[in-house]
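One letter stands for each residue in the lines below.
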Amino acid sequence: MSAPLHRRIYAELEGRILSGELAPGDRIPFEHELTARYGCSRMTVSKAISELAGRGLVTRRRRAGTFVAQPKAHAAVLAIPDLRAEVRERGQTYDYALLERIERGPGDADEVELASGGRLLDLTCLHRADGAPLALERRLIALGAAPQAVDVDFQTVPPGSWLLDSAPWTEAENRISAVEADAATARLLQLRPGAACLCVERRTWRDGQGVTRVWQTFPGDRYDLVARFSSAHAKDQSR
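It should be emphasised that the depicted structure is a prediction, and the values quoted were computed from it without experimental measurement. (Residues numbered from 1 in each chain as written. Predicted model: local features only at pLDDT ≥ 70, side-chain atom pairs only at ≥ 80, totals over all residues. Heavy atoms only, no water.)

Caption draft 1: Structural context of the nonpolar core. Counting 30 residues, the largest nonpolar core has Leu 121, Ile 141, Ala 149, Phe 154, Trp 162 and Phe 218 as the members making the most contacts within it. Those elements that place two or more of their residues in this core are helix H4 (83-89), strand E3 (94-104), helix H5 (109-115), strand E4 (120-129), strand E5 (132-142), helix H6 (159-166), strand E7 (196-206) and strand E8 (209-219). In contact with Phe 154, other than residues within four places in its own chain, are Tyr 96, Leu 98, Arg 101, Leu 121, Leu 123, Ile 141, Ala 149, Pro 159 and Trp 162. Grouped together as the second largest cluster of nonpolar side chains are 16 residues, Leu 13, Ile 17, Ile 28 and Ile 49 included. (Core = buried A, V, L, I, M, F, W, Y, C linked by side-chain atoms within 4.5 Å. Buried < 20%, exposed > 50% of the residue type's maximum accessible area, 1.4 Å probe, protein only. Helix = DSSP H or I, 4+ residues; strand = E, 2+ residues; numbered from the N terminus. Contact = heavy atoms within 4.5 Å.)

In structure tokens:
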């Protein structure tokens, strides 16, 4: 006796995910595409995707589609740090400078997804600890999800600190990579061009709607990334 069609769809998508053919962050085919491919109703396809989501293999994002979820092993780095608070907790003097602020429409496909039909606030800023550059930050804030950001004075308030207080998230994704400092980054971080840096790229969503995307570049010899995660912290952030 053959398996129900929704189980066949589930099994084929599961196989593509577990084999790595569909990597974390990849979009799986839209429901209407799967409906056409398998010659079935949308309800059948939706049931298969719901089972994938129930297993934590995919995440659904409103108006954007369904994406392969990040592996559970990455959950330990989902705690979102407040650089200002971290520096002060270490007993250092925190300093911050806003380098550029632009309100604009989205550009590429990733920005269109983040903006969800609205505009973006594009911020570039520099964090310092005891006068030494700690991190160069480039951040996009979706004004559809956080419209009050337009009125915030980011000359004095770091955007990350403000977002943690005013725009809570329910889902986050971190990507961590080693990069070499280009000329502009090296100048701002007081490094030689090509010096080793740590880049943390982070995205957050609230109930499927994009809130922010940020790239923070740290000098490789000035920052230790310590992952600490508690379910209570995540619960507080989702309130």
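Caption draft 2: Geometry of unusual backbone geometry. The backbone phi angle of Ser 116 is positive, close to 50 degrees, even though this residue is not glycine. Assignment of secondary structure puts Ser 116 in the loop between H5 and E4. A positive phi angle, close to 60 degrees, is found at Gln 190, a residue other than glycine. Along the chain, the position of Gln 190 falls in the loop between helix H7 (183-189) and E7. Residue classification places Gln 190 among the exposed positions, given a relative accessible area of 58%.

Caption draft 3: Layout of the environment of Trp 215. Structurally, the position occupied by Trp 215 is in strand E8. Its relative accessible area of 22% is what places Trp 215 among the partly exposed residues. Residues within four places of Trp 215 in sequence aside, it is in contact with Leu 136, Glu 137, Arg 138, Leu 140, Val 200 and Glu 201.

Caption draft 4: Representation of helix H3 (residues 42-54). With 13 residues, H3 ought to run about 18 Å at 1.5 Å a step, and its terminal C-alpha atoms sit 18 Å apart, in line with that. Burial in H3 covers these residues: Val 45, Ala 48, Ile 49 and Leu 52. Buried residues of H3, viewed axially, fall in a sector of 95 degrees; they line one side. For H3, the exposed residues set more than 90 degrees away from the buried face come down to Met 43 and Gly 54. If you follow the buried residues of H3, they end up packed against helix H1 (5-18), helix H2 (31-38), strand E1 (58-61) and strand E2 (65-68). (Expected span 1.5 Å × (residues − 1). Arc of directions from axis to C-beta.)

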